[in-house]
Amino acid sequence: MAKGITAKLLRSSLYTLTNIRTKPSYKKEAAATEELSGYPRVININQPAVPDDTQQPPIFCTNYVSTTKYTLFNFLPIALFEQFNRVANFYFLVAAGLTFTDYAPFDWPSQVVPLALVVGFSLAKELYEDLQRHWQDMTANCQKAAVHVKNGGFETKQWREVCVGDIVKVKKDEFFPADLLLLQSSYEDGMSYVETMNLDGETNLKVKRALQNLSLPAAVDDDKASHFSDFLATIRCENPNSNLYTFTGNLEYNGHIYPLDPAQLLLRDSKLRNTEFVYGVVVFTGNDTKVMQNTTQSPSKRSEIELQMDKIIYLLFGLLIFISIVSASGFGLAVRNTIRSWWYLVPEIPGEDFDINNFVASGLRHLVTALMLYGYLVPISLYVSIEAVKILQARFINNDLHLYDEVTGVPANARTSNLNEQLGQVDTILSDKTGTLTCNQMDFLKCSIAGCPYGKRPSEVELAAAKQMAAQDESSDGSLSDSSSLEAITVTDDGNINKKASSIKGFSFQDDRLEHTNWLKEPNSDVILLFFRILAVCHSAIPEISEKTGELTYEAESPDEGAFLVAAREFGFQFIKRTQNSVVVKERLKKDQEPVEKEYSILTLLDFTSKRKRMSVILRDESGQLLMFCKGADTIIFDRLASNGKTYLEATTKNLNDYGEAGLRTLALAYKKLEEKEYSDWHEKFHNAQISSGSNREELLEELSDEMERGLTLVGATAVEDKLQNGVPECIDRLALAGLKIWVLTGDKMETAINIGFSCSLLRQGMKQLCIVVSAEMLAEAAKDVVKENILSQITTSMQSIQNKKEPHAAFALIIDGKTLTYALEDDMKFKFLNLAVNCASVICCRVSPKQKALVVRLVKEGTGRTTLGIGDGANDVGMIKEADIGIGISGVEGMQAVMASDFSIAQFRFLERLLIVHGHWCYKRISKMICYFFYKNITLALTLFYFEAETGFSGQMHYDDWYMLLYNVFLTSCPVLALGVLEKDICAEFCLQFPALYQQGPKNLFFDWYRIIGWLANGVYASFVIYLVNIRIFSPESFRKEGQTADMYVIGTAMFTSIIWVVNVQIFLVSHYLTSVQLHTIWGSIVVWYLIVYIYGLMPVQWSAGNIYQQLPEVLGPAYKFYLSTVFVTILCNLPYLIHISYQRCYNPEDHHVLQEMKNMKKDVTDRKMWKREQVKATQETEIGLSARVDARMRMKGKTTRKYSSLAYSSS
C-alpha cells in the first residue's frame, strides 16, 4: 500500500466491531488453573514459568503438525496387521505355513510366492503414499517465522519450534505460523487485514484490531522491538476448540484486565494482507490451533464394490469349508469301509495319510489337506490384480487431455487408486462454493436506475439456458424455436450473441446509454448521477496503488464492493482516496471536461452485517448538504422507503426479478436527505450508545440505526455476476440429468450462497425456499431446549409443506445457516433434518465451519447409506473431503491443502462431469466385470479338483501339476483380465456425456448385484462340471489313441487344464464390448503361451518336472485327435449358455448400453439426427435443478410441453 495512504488511514471510526461473548465449553485441566478467572488456559507472555514456584509450568503441545498414518517404528506392525486383517490374506498366510508340513498336497512355492507378491505390493504402495504425506508435513513444519528473543530482537525459527507465549512478527503476505493474539500492527490504530481463504473459503479480507490502551510504543518495521523485552502479561482464555468465529478470554497487563474477542485472534494458515507487519503472541499451537481442531482423522476408505467383494469371498469360504467337510467325511468313510480291501496300499500299517483303526482322526487330518487343496476357490491374485488395474486406470485418468486445464497447466490427478470404481456410484455431491463453483470474481453486469433497465450483455446462466432451450426445441420439432423467445436474454443490439468476456476485470457492463457520459442525455440524468455517487461513496474499501503496474486498485471487504467501485470508475466516478473522515472521488460530469475531484466528509458509517443486510453512510457533500446513502437487500430497502420514495418501486421490482432469474446478485440503492438538527440529535444518542458498556449496547445501536434508515427514496438496483468457473452451470445440469444430488456447503453468508445457487441453477424462480434459521436474539437469550424446539418446529412445518404440495412440478430448496445447523446435527434431531433435506431438490448450508461440513457429509453418508462425494479447494474443505466416500480437491488459488487431503484432484469443477460420467462409469463397469470374471475362472478350476477328489476316494491327490496351478492365476489368465479391467468400454466417452442417465447403472449397482454375481458363480459351476465330465469320459477308461494307450492321471489333468484355458479365455472374449489389439493379443496370446509352457516344461529333465510330464505334448497328447476334439467340444459347450442368454437379452430385454451400441452400429447419430436428438432428451433423469429444470419451468410458463423423461430401457433397474 502506498506510504501516504498508510500514514493517513485510521479506520477506528469506520467499523463497529462486535464483541462476541459465548459461554465456553471448558475441558478438565489441572486444579491449579481452574480458579483463574473462569478461563482454564493460562499463558504467560515472555515468562518461562508461572511466577508461583509451587506450581508446575503449563504444558502445551508443540507446533509440529503430522498427518502421516505411520511412523518409522510402527509401519511394519500396523501395515502387516491391516493386510492380514483381510480374511483371504489371513487364510493364505496359514495355508502358506502349512505347505511346509506333510499335510500339504503341493509344494510351498505355489502358496508362498503369490502371497509374498500380493502383500509386498500392497506394503510398497502404503509406504509410498505415507512418504508423500510426510514430505508435505515437513514442508509446512520447516517454514520460517520471526520469533522474539530476550534481547528485544527477532530470531528466525522454524514453525515447529514456535511455542505458546512467544511473540511473533509476521510480515505482509506471510501466513500465520500458529493462532496469535494481535498485539500491534503497522497501522497506528492497530488495524490489520487478514485473508482467510484457507479457513472459511471467503476471499474478502477480514478486519482485525489489536487491543486498545495497551500503551505500547509505535511499531517500527525493523529487526528490533525493544518495547517487548519488558512486556510481561498473562492471558487467560478458553481451551482449544473448533469454532472459528468465537474466542473469549482476558489479558492482564500492568494491573489492568482487557477483554479478548475474535477481533484480536489471527488464525494459523490465514494470510496477512494490506498490512506491512503485525506483532502477535502465540496462544494455540500445533493440534490445538483452530484449523487443526477442524480437521478430522482420515478414515480408511474402501469402495462399495470392494465391500461387496468381501461378502463374495466369505461366500466362497463357506463353499470351501463345505466341500472340505464333504471331502473329509468321504475320506473318513473310505478309510473305515473301503481302504481295508486296497491291499496294494498296505492299509494294516498306519501311515501319515490315514489310520484304518481311527477313521475320525484320518478324516480330520484330511480336512486340513482339503482346505489347502480347494483354496483356489479364493483368488489370492484378485487383490494384486485389482491393485494393478486401478493403478493403470488412474494413469488413464491422469493422462486424459479432456481433464487438463490449459490455462493453469494442471492435469487431473488420481492421488489414490483405491476408489476408481466408486466414482461411478456417487449419489450425492457436497460442494464448497468459493473457489470451487466460482472464480472469486464479481462482474458488474446490469443495473436498474429510475425503473429503467440498463445492460445488454447476457449472463452466463442466460446464455446456457438459451442454448438448452434451443436444443430442446430442436429435438422436439426438428427446428429452432422462435427467435423472439430467446432474443430478450441472448441477443445484443446488433442481433449477435456476445460471448466475449470484458477486458476490464470486474466490469462486464455493455450499454451505450450509460457509457462514455451518454447518461447525461437520459431523461432521469439527475437520478443516474445520484446512483453513480452511491456506488463511489457508500463502501468501506481502501484504494491501493499496485506495486507492479502502478494502477489504482481496491481492497474491499466484499467482492461486490470491488465490482461497484470498478463500475463507478468506468462510468466516470473514480474513488481515489480515503482518509479518516472523508473520501475523494474524481467525477466526470461533462463529456469534454476533465474529471473534477470532489471530497465527501464521512460522518457516520453503519456497517453491513448478515443480520442488517444493508450498509449506510452519512456524509456531507461540498455544498454542505447532509445525505445518507444506503445499499442493501431489496426486501430490506423496500420496507424502509418513504411513501413518496416509491416512484420507481414497481419497475425496479420487475427488473430485480429478471436479474434473479438470470442468476445475478442484486442490491437496491436508496438515499435520504437529512436536516442538521435531525442528524445532530440522532448522532448524540448513537454516540452515547457506542461508548456504553451495558449488555444491551448492540440492541441500542441496532434500534438507532433502524430509526435513521427509514424514509428512504429508491434510486435503483445493481446486478453483479458472481463469476462461475467456466462450464459450471452446464456441468451441474449434466450431473443433475445423470441423477446426482448436489448440496452446497459454504462459509459465506446466506445471501451470497443464495445468489450463487441462482447462478448455477441450483435455485430458480418459482422454487420455494425453506429457510431454517434462528434469530441471533433467540440464540443469545433463549435456553437451548427452546432453540431446539423452534428449529424442530421449522423442520416439521417445512416437511408438511413438501408433503402437501399441490403442483406436481413444485420444487423446494432447503437453506440453513451454521448456528442453526449446530443444533440440527445433534443426535435427537439430525435424522429429521436429513429427512427434510433429502426431500428437497437442492440444499444450501451457509456460514458453516469446516467441522460442520464434515459432520454434514457424515450424516448424509451414514443416514442415506449412499455414496457421497465432497469437493472443495481450500483448507476449510479438508474435513469434508476426508469424510466423504470420495474426496475431490480443486487445484485453485486457495493453496494445496484440499488437494493434499483429496483422493482425486482436478483443476476446475467442470471436469467433475467427465471424471464421474465417463471415467466413473467405465471404472465401475470394468471392475465389476473383472471381479465377477475372476471368481468365475477360479471356481471353474477349483471345482474340477473336487470332482476328481470325489472320483478318487477323496485321496487328496491333485491331477494338475503344481506349476500349472501356480501359473494359472499369476500368468496364464492374468493378462486378459488386466486388459479387461483397464481397456473395456461399453460405450464411448461421447455417448456417456450425451446419455447421462446411463450413469445410474452405478448408483443402482446393476452390474455387481447378487443376481449378476450368482449368475457368474453358477456359470463357473456349470463350466467346471462340463469340463470335468467331458474330459473324463473321453480319456477314461478307453484308450485315447489309435495305438491303444490309455490316459494316466497327468494326461487327463493336462487335457482338462487345456480345456479350462480355452473356456475362460473365450468367455472373456465374449464379454468384452471393446476389443482392442491389446485385448486380442492377451486373450489369444494366453492360449498360445499355455501350449508353449506345456511343450517347454515337457522338455525339461525329469528332476525338474514330474516324470509323467516329460515329452507329454509332442509324444502323448499332440498325436491324439481326441485331445483337440475335447478342447473344441468343451469350449463350445461351456460358452453356449452365455451366448444364448446374451442373444435373448439383446433381442427382447436389452439393457441401456445395448440400445446405444445398436444405435451406434446402425449409425443413427449420422443418418437420423432427429431421432438421435430425441433419444438424447429422453435419456435423462428427471430433475428439479440445473439448466434443464430452469428451461422446463420457463416452457411451462409459456404453455409449452416439457420434455418427456424416460429411462431408455430401464427395465433392468
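Residues numbered from 1 in each chain as written. Predicted model: local features only at pLDDT ≥ 70, side-chain atom pairs only at ≥ 80, totals over all residues. Heavy atoms only, no water.

Novice: Outline the overall build of the protein chain, listing residues and values.
Specialist: What the protein chain contains, in helices and strands, is 40 helices and 33 strands. Across the 1213 residues of the protein chain, 57% fall into the buried class. Summing over all exposed atoms, the protein chain offers an accessible surface of approximately 51200 Å²; the carbon and sulfur share of this is 55%. (Helix = DSSP H or I, 4+ residues; strand = E, 2+ residues; numbered from the N terminus. Buried < 20%, exposed > 50% of the residue type's maximum accessible area, 1.4 Å probe, protein only. Areas by Shrake-Rupley, 256 points an atom, 1.4 Å probe, with all protein chains shown as cover.)

Novice: Explain the nonpolar core to me, and be specific about the residues and the numbers.
Specialist: The biggest cluster of nonpolar side chains holds 103 residues, and the ones touching the most others in it are Ile931, Phe935, Tyr960, Phe1035 and Phe1057. A total of 17 residues in this core trace back to one element, the largest contributor, which is helix 28 (residues 911-951). Excluding residues that lie within four positions of it along the chain, tyrosine 960 makes contacts with Leu941, Thr944, Leu945, Met965, Gly1053, Met1056, Phe1057 and Ile1060. Counting 60 residues, the second-largest nonpolar core is a separate cluster that includes Ala738, Ile742, Met750 and Leu916. (Core = buried A, V, L, I, M, F, W, Y, C linked by side-chain atoms within 4.5 Å. Contact = heavy atoms within 4.5 Å.)

Novice: Which residues make up the sheet that holds strand 3 (residues 154-158), and what values go with them?
Specialist: The six strands are arranged 3-2-4-13-5-11 in an open sheet whose pairing can be described as antiparallel. Of all the strands in the sheet, the pair left with one neighbour each is strand 3 and strand 11 (265-266). Bridge analysis of strand 5 (residues 179-185) against strand 11 gives two bridges, and the strand direction is antiparallel. Pairing of leucine 180 across the sheet is with leucine 266, part of strand 11. (Pairing = 2+ DSSP bridges.)

Novice: How would you sum up the packing of aromatic side chains? Please name residues and give values.
Specialist: Taken as a whole and judged by the stated rule, the model has 39 aromatic pairs. On the numbers, 5.8 Å between centres and 55° between planes, the contact of tyrosine 947 with tyrosine 1028 is tilted. A residue pair is termed long-range when its members are at least 10 positions apart, and tyrosine 947 in helix 28 and tyrosine 1028 in helix 32 (residues 1010-1035) qualify at 81 residues. Neither tyrosine 947 nor tyrosine 1028 differs from the other in exposure class; each is buried. Among the aromatic side chains, those forming a connected cluster through ring pairs are Phe444, Phe507, Phe509, Trp519, Phe531, Phe532, Phe564, Phe571 and Phe573. For the cation-ring pair, lysine 925 lies above phenylalanine 1007, with the distance from its terminal atom to the ring centre recorded as 4.2 Å. In this structure, arginine 1012 is placed above the aromatic ring of phenylalanine 1007, and the distance from its NZ or CZ to the ring centre is 4.2 Å. (Phe/Tyr/Trp six-rings, centres within 6.5 Å; stacked < 30°, edge-to-face > 60°. Lys NZ or Arg CZ within 6 Å of the ring centre and 35° of its normal.)

Novice: Mind laying out the packing of helix 30 (residues 974-983) against helix 34 (residues 1077-1099), listing which residues take part and the relevant values?
Specialist: Put simply, helix 30 and helix 34 touch, their axes get as near as 8 Å, and they point 165° apart. In terms of axis orientation, helix 30 runs roughly antiparallel to helix 34. Here helix 30 and helix 34 pass one another in a crossing that is left-handed. Packed against helix 30, whose contacting residues are Cys975, Pro976, Ala979, Leu980 and Leu983, the element helix 34 presents Val1078, Gln1079, Thr1082, Ile1083 and Ser1086 at the interface. (Axes fitted to C-alpha atoms, helices over the stretch in contact; angles between N-to-C directions. Parallel < 35°, antiparallel > 145°, perpendicular 65-115°, else oblique. Left-handed = near helix turned anticlockwise from the far one by under 90°.)

Novice: A description of the sheet that holds strand 9 (residues 249-253) should follow, citing residues and the corresponding values.
Specialist: Across the sheet, four strands lie side by side as 1-8-9-10; this open sheet has antiparallel pairing. Among the strands making up the open sheet, the edge pair consists of strand 1 (41-45) and strand 10 (256-260). Each adjacent strand pair in this sheet contributes to an overall mean axis angle of 20°, direction not counted.

Novice: Can you tell me about the UniProt feature "binding site: Mg(2+)" (unreviewed entry) in the protein chain, naming the residues and giving the values?
Specialist: UniProt's entry tags Asp432, Thr434, Asp873 and Asp877 with the feature "binding site: Mg(2+)" (unreviewed entry), counted in the numbering of this structure. The greatest C-alpha distance among the annotated residues, which extend across 446 residues, is 10.7 Å, indicating that they converge on a single site. Following the sequence through the fold, aspartate 873 ends up in the loop between strand 31 (867-872) and helix 26 (878-883). Look at aspartate 873 and you get buried, because its relative accessible area is 0%. Reaching out from aspartate 873, the side chain makes a polar contact with the side chain of threonine 436 at a distance of 3.3 Å. Checked against the element boundaries, aspartate 877 lands in the loop between strand 31 and helix 26. Other than its neighbours up to four places away in sequence, aspartate 877 contacts Asp432, Lys853 and Gly872. (UniProt positions renumbered as here; feature names shortened; annotations may be inferred. Polar contact = N/O pair within 3.5 Å; in protein donor to acceptor, adjacent residues only side chain to side chain.)

Novice: An account of the UniProt feature "transmembrane region" (unreviewed entry) in the protein chain is needed here, citing residue identities and associated values.
Specialist: Within this numbering scheme, the UniProt entry marks residues 312-335, 367-386, 930-948, 963-983, 1010-1030, 1050-1071, 1083-1100 and 1120-1140 as carrying the feature "transmembrane region" (unreviewed entry). From the first C-alpha to the last, residues 1050-1071 spans 32 Å; its make-up is 100% helix and 0% strand. Helix and strand shares over residues 1083-1100 are 94% and 0% respectively, and the end C-alpha atoms of the span are 26 Å apart.

Novice: Summarise the side chain of threonine 285; cite the residues concerned and give the values.
Specialist: Secondary-structure assignment places threonine 285 in the loop between strand 13 (277-284) and helix 7 (290-293). You can call threonine 285 buried: its relative accessible area is 0%. At 2.6 Å, the side chain of threonine 285 forms a polar contact with the backbone oxygen of cysteine 61. Apart from the residues lying within four places of it in its own chain, the contact partners of threonine 285 are Cys61, Thr62, Asn63, Val162, Cys163, Val164 and Ala178.

Novice: I'd like a rundown of the environment of leucine 966, residues and numbers included.
Specialist: Tracing the backbone through its elements, the reader meets leucine 966 in helix 29 (residues 962-972). What makes leucine 966 buried here is its relative accessible area of 9%. A C-alpha to C-alpha distance of 7.9 Å links leucine 966 and glutamine 111, two positions 855 residues apart in sequence.

Novice: Got a sec to walk through helix 22 (residues 784-803)? Specific residues and values, please.
Specialist: Two residues of an α-helix separated by three or four positions point the same way, owing to the 3.6 residues in each turn. Between its first and last C-alpha atoms helix 22 spans 29 Å; for 20 residues at 1.5 Å apiece the expected length is 28 Å, and the two agree. Looking at the buried side of helix 22, the elements it contacts are strand 28 (768-772), helix 21 (776-781), strand 29 (812-817), helix 23 (818-824) and helix 24 (830-838). (Expected span 1.5 Å × (residues − 1).)

Novice: Tell me about the packing of helix 32 against helix 33 (residues 1049-1071), residues and numbers included.
Specialist: In a packed pair of helices, the relevant descriptors are the angle between the two axes and the axis-to-axis distance. Between helix 32 and helix 33, the shortest axis-to-axis distance is 10 Å and the interhelical angle comes to 145°. Helix 33 is crossed by helix 32, and the crossing has right-handed handedness. Contact residues: helix 32 offers Trp1016, Asn1019, Ala1023, Ile1027, Tyr1028, Asn1031, Ile1032 and Phe1035, while helix 33 offers Ile1052, Ala1055, Met1056, Ser1059, Ile1060, Val1063, Gln1067 and Val1071. The class makeup of the residues in the contact of helix 32 with helix 33 is 12 nonpolar, four polar and no charged. (Nonpolar A, V, L, I, M, F, W, Y, C, P; charged D, E, K, R; others polar.)

Novice: Before we move on, can you summarise unusual backbone geometry with the specific residues and values?
Specialist: Unusually for a residue other than glycine, aspartate 173 sits at a positive phi of about 70°. Secondary-structure assignment places aspartate 173 in the loop between strand 4 (167-171) and strand 5.

Novice: Describe helix 10 (residues 381-398), naming the residues involved and giving the relevant values.
Specialist: If you check helix 10, its first and last C-alpha atoms are 26 Å apart, about what 18 residues at 1.5 Å a residue would give, namely 26 Å. When we look at burial in helix 10, the residues that qualify are Ser381, Leu382, Tyr383, Ser385, Ile386, Glu387, Val389, Lys390, Gln393, Ala394 and Ile397.

Novice: Account for the pattern of salt bridges, with residues named and values stated.
Specialist: This structure, assessed with the given rule, holds 41 salt bridges. The salt bridge involving lysine 290 is made with glutamate 238; its shortest N-O contact spans 3.6 Å. Here glutamate 238 lies in the loop between strand 8 (233-237) and strand 9 and lysine 290 lies in helix 7, a separation of 52 residues in the sequence. Of the two residues examined, lysine 290 and glutamate 238, each falls in the buried class. (Salt bridge = Lys/Arg side-chain N within 4 Å of Asp/Glu carboxyl O.)

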